[in-house]
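# Residue-level structure breakdown
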Amino acid sequence: MDTIASLFSFITWPVSWVIVQFHKVYGAIFGDDTGWAWGLSIVSLVILIRICLIPLFVKQIKSTRAMQTLQPEMKKIQERYKNDKQRQSEEMMKLYKETGTNPLSSCLPILAQSPFFFALYHVLNGIATGKTIGVIDDPLLASARKAHIFGAPLAAKFTDSADKVAQLGATLTDVRVVTAIMIVLMSGSQFYTQRQLMTKNVDTTVKTPFMQQQKMLMYVFPVMFAVFGINFPVGVLVYWLTTNVWTMGQQMYVIRNNPTPGSKAQAAYLERLTKHVTHHGKTRKRSEKTIVKAIVAKGRDRNEFERKFINSLSKAGLAAQTDGTVAKGQTADVAETEDGTPTTAAPKRQQPKRQSKSQRQSATAKPSGESEPKTSLTKSDEPQDAKPSAAKPAGGGKPGTGTRSKAQSGQRKGPQRPKSPSKK
């Protein structure tokens with residue numbers, strides 16, 4: 001570890017200078033020789049470094065989103081070469097190269113912090129051995145050696161002997177208890193951050209080598225921190241625990257407000273967005289408009305959570321626009337009047353009932369205007385050959401008068417042609 005730290009000695013002077021500047025501020029509040037002054041100086045160093053790395057973090061997010069846009073192509077490659085894993089990996093790497101994406105981009109913040117981490121280790125190791133380093137002179141060195149964090153010296157390690165710990169003014173039990181707790185917290189926060197990323201912010205419909213690497217790192221990193229943590233000074237443990245907590249909070253913010261499409265985090269986010277938009281009738285934040293705009297632009301390529309979001313807006317009488325805004329839908333089942341009272345929309349026009357073949361044939365067989373045949377055999381409708389005298393009414397009246405002259409349903413109005421009596 002000392003050899004690796006010496007490789008980053010070129011950045012030792014800036015790191016020690018930043019720590020001393022923060023120590024002047026906190027020393028005026030808590031005292032120059034207190035653990036609070038030196039411990040908060042290290043915490044402030046972490047925060048300053050992570051703020052400087054925010055552009056790199058944004059680049060990491062963009063690279064991750066670029067990986068997500070390639071997932072349909074990755075799925076096609078998986079289906080095409082599902083029986084040839086080697087060819088599948090080769091095609092995946094070829095796709096990464098053509099699009100300029102990097103599956104290991106999530107490791108960039110860790111790699112960028114490495115020089116500062118080892119430089120801080122080099123500074124604290126010099127304090128433990130009583131050597132001035134960087135801008136830390138003899139008075140500052142003596143002050144740092146007196147500083148204790150919960151009873152453990154700033155430069156003490158878990159593996160130090162009792163004599164060495166006694167020289168720093170502490171007991172071996174205090175040092176090991178404090179370092180053990182900090183190692184557990186450091187490893188646990190790292191594991192939780194990776195697990196949160198894998199379980200909530202990953203599209204599980206597409207399995208890529210990137211996902212396998214992330215799953216492996218989820219278990220490898222905590223073990224590495226636990227193994228190497230026993231050789232870290234207390235000050236370095238403070239540094240690494242602080243940066244892990246920062247990363248965990250930063251990751252939680254990203255997962256909640258900018259989730260990966262197709263992940264469980266996106267389902268939860270769109271559910272919250274649906275309630276918000278249907279309540280207010282519009283998208284108010286810029287981030288919300290960006291999400292809605294991206295969903296609308298996908299068209300038929302939307303996943304199940306995005307389709308559910310669009311359908312929920314339609315049921316509420318809203319429609320997502322291409323610019324990310326939300327407007328009143330024109331095809332809603334329930335409309336609103338000018339005073340805001342909900343009214344039921346007009347019913348849809350129903351298609352006429354389809355007739356059977358026999359019905360269509362019978363309709364075409366009847367000529368227009370022809371009367372329908374009689375089916376009832378009442379007294380007035382008896383056959384005329386049985387009572388021929390009944391066809392001639394008394395008084396010489398014209399046939400066709402009386403009840404028989406009334407137009408029946410389907411007959412033409414006006415005088416009807418008399419029927420001739422049947423011949424026997």
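Residues numbered from 1 in each chain as written. Predicted model: local features only at pLDDT ≥ 70, side-chain atom pairs only at ≥ 80, totals over all residues. Heavy atoms only, no water.

### Considering the UniProt feature "transmembrane region" (unreviewed entry) in the protein
According to UniProt, the positions carrying the feature "transmembrane region" (unreviewed entry) are residues 7-29, 35-58 and 217-241. Secondary structure content for residues 35-58 is 96% helix and 0% strand, and the end C-alpha separation is 34 Å. Annotated as residues 217-241, this span is 84% helix and 0% strand, and its ends, taken at the C-alpha atoms, are 18 Å apart. (UniProt positions renumbered as here; feature names shortened; annotations may be inferred. Helix = DSSP H or I, 4+ residues; strand = E, 2+ residues; numbered from the N terminus.)

### Details of the packing of aromatic side chains
Per the stated rule, a full pass over the model turns up 3 aromatic pairs. Aromatic side chains Phe 30 and Trp 36 sit 6.2 Å apart centroid to centroid with 25° between the ring planes, which places their arrangement in the stacked category. Considering the side-chain rings of Tyr 121 and Phe 232, the 6.5 Å spacing of their centres and the 70° angle between planes classify their relative orientation as edge-to-face. Of this pair, Tyr 121 sits in helix 7 (residues 108-129) while Phe 232 sits in the loop between helix 11 (209-229) and helix 12 (234-257), placing them 111 residues apart in sequence. Per residue, the accessibility class of Tyr 121 equals that of Phe 232, and both read buried. Between the NZ or CZ atom of Arg 176 and the centre of the ring of Phe 158, over which it lies, the distance is 5.4 Å. (Phe/Tyr/Trp six-rings, centres within 6.5 Å; stacked < 30°, edge-to-face > 60°. Buried < 20%, exposed > 50% of the residue type's maximum accessible area, 1.4 Å probe, protein only. Lys NZ or Arg CZ within 6 Å of the ring centre and 35° of its normal.)

### Observations regarding the side chain of Ser 41
Within the fold, Ser 41 resides in helix 3 (residues 35-52). The contacts of Ser 41, once residues within four sequence positions are left out, are Ile 19, Phe 22, His 23 and Tyr 26. (Contact = heavy atoms within 4.5 Å.)

### What about the nonpolar core?
With 50 residues, the main nonpolar core has Leu 120, Ile 127 and Tyr 239 as its most contacted residues. Put simply, the parts of the chain that give this core at least two residues each are helix 2 (12-30), helix 3, helix 7, helix 8 (138-146), helix 10 (172-200), helix 11 and helix 12. Excluding anything up to four places from it in sequence, Leu 120 contacts Val 15, Ile 19, Ile 42, Leu 45, Gly 235 and Tyr 239. Counting residues in each nonpolar core, the second largest holds 13 residues, with Leu 273, Val 277, Leu 313 and Val 326 among its members. (Core = buried A, V, L, I, M, F, W, Y, C linked by side-chain atoms within 4.5 Å.)

### Re empty space enclosed by the protein
For the coordinates displayed, the defined rule picks out 3 cavities of 30 Å³ or more. There is about 40 Å³ of room inside the second largest cavity. Forming the boundary of the second largest cavity are Ile 19, Trp 38, Ile 42, Leu 120, Val 123, Leu 124, Ile 127, Ile 136 and Leu 154. The element that contributes the greatest number of residues to the lining of the second largest cavity is helix 7, accounting for 4 residues. (1 Å grid on protein atoms, 1.4 Å probe; cavity = no way out; pocket = protein on both sides within 12 Å on 5 of 7 lines; lining within 4 Å. Points joined across faces, edges and corners; volume = space filled by probe spheres on them.)

### Some details on the packing of helix 2 against helix 3
Relative placement of two packed helices is described by the angle separating their axes and the distance separating the axes. For the pair helix 2 and helix 3, interaxial distance at closest approach is 8 Å and the crossing angle is 130°. The angle between helix 2 and helix 3 places the two elements in the oblique class. By crossing handedness, the relation of helix 2 to helix 3 is classed as right-handed. For the pair helix 2 and helix 3, the contacting residues are Val 15, Val 18, Ile 19, Phe 22, His 23, Tyr 26, Gly 27 and Phe 30 in the first and Trp 36, Ala 37, Trp 38, Leu 40, Ser 41, Ser 44, Leu 45 and Leu 48 in the second. A breakdown of the residues in the contact of helix 2 with helix 3 according to their chemical character gives 12 nonpolar, 4 polar and no charged. (Axes fitted to C-alpha atoms, helices over the stretch in contact; angles between N-to-C directions. Parallel < 35°, antiparallel > 145°, perpendicular 65-115°, else oblique. Left-handed = near helix turned anticlockwise from the far one by under 90°. Nonpolar A, V, L, I, M, F, W, Y, C, P; charged D, E, K, R; others polar.)

### A few points about the packing of helix 10 against helix 12
Interaxial distance between helix 10 and helix 12 falls to 9 Å at its minimum, and their mutual angle equals 20°. Between helix 10 and helix 12, the crossing angle belongs to the class labelled roughly parallel. Of the two elements, helix 10 crosses helix 12, and the hand of that crossing is left-handed. Contacts from Thr 179, Met 182, Ile 183, Leu 185, Met 186, Ser 189, Gln 190, Tyr 192, Thr 193, Gln 196, Leu 197 and Lys 200 of helix 10 reach helix 12 at Val 234, Leu 237, Val 238, Trp 240, Leu 241, Asn 244, Thr 247, Met 248, Gln 251, Met 252 and Ile 255. Residue classes in the contact of helix 10 with helix 12 are distributed as 14 nonpolar, 8 polar and 1 charged.

### Let's talk about a nonpolar patch on the surface
The grouping of Met 216, Val 220, Val 223, Met 224, Val 227 and Phe 228 at the surface amounts to a nonpolar patch, some 510 Å² of accessible area in total. Inspection of the secondary structure puts Met 216 in helix 11. (Patch = residues over 30% accessible without salt bridge, like charges linked within 9 Å, V, L, I, M, F, W, Y side chains within 5 Å. Areas by Shrake-Rupley, 256 points an atom, 1.4 Å probe, with all protein chains shown as cover. Salt bridge = Lys/Arg side-chain N within 4 Å of Asp/Glu carboxyl O.)

### Brief notes about helix 2
Across its 19 residues, helix 2 extends 26 Å between first and last C-alpha, which sits within 8% of the 27 Å expected from 1.5 Å per residue. Lys 24 marks the point of greatest bend in helix 2, at about 30°. Those residues of helix 2 not exposed but buried are Thr 12, Val 15, Ser 16, Val 18, Ile 19, Val 20, His 23 and Gly 27. A positive phi of about 110° marks Gly 31, the residue just after helix 2. (Expected span 1.5 Å × (residues − 1). Bend = angle between axes of the 7 residues up to and from the residue.)

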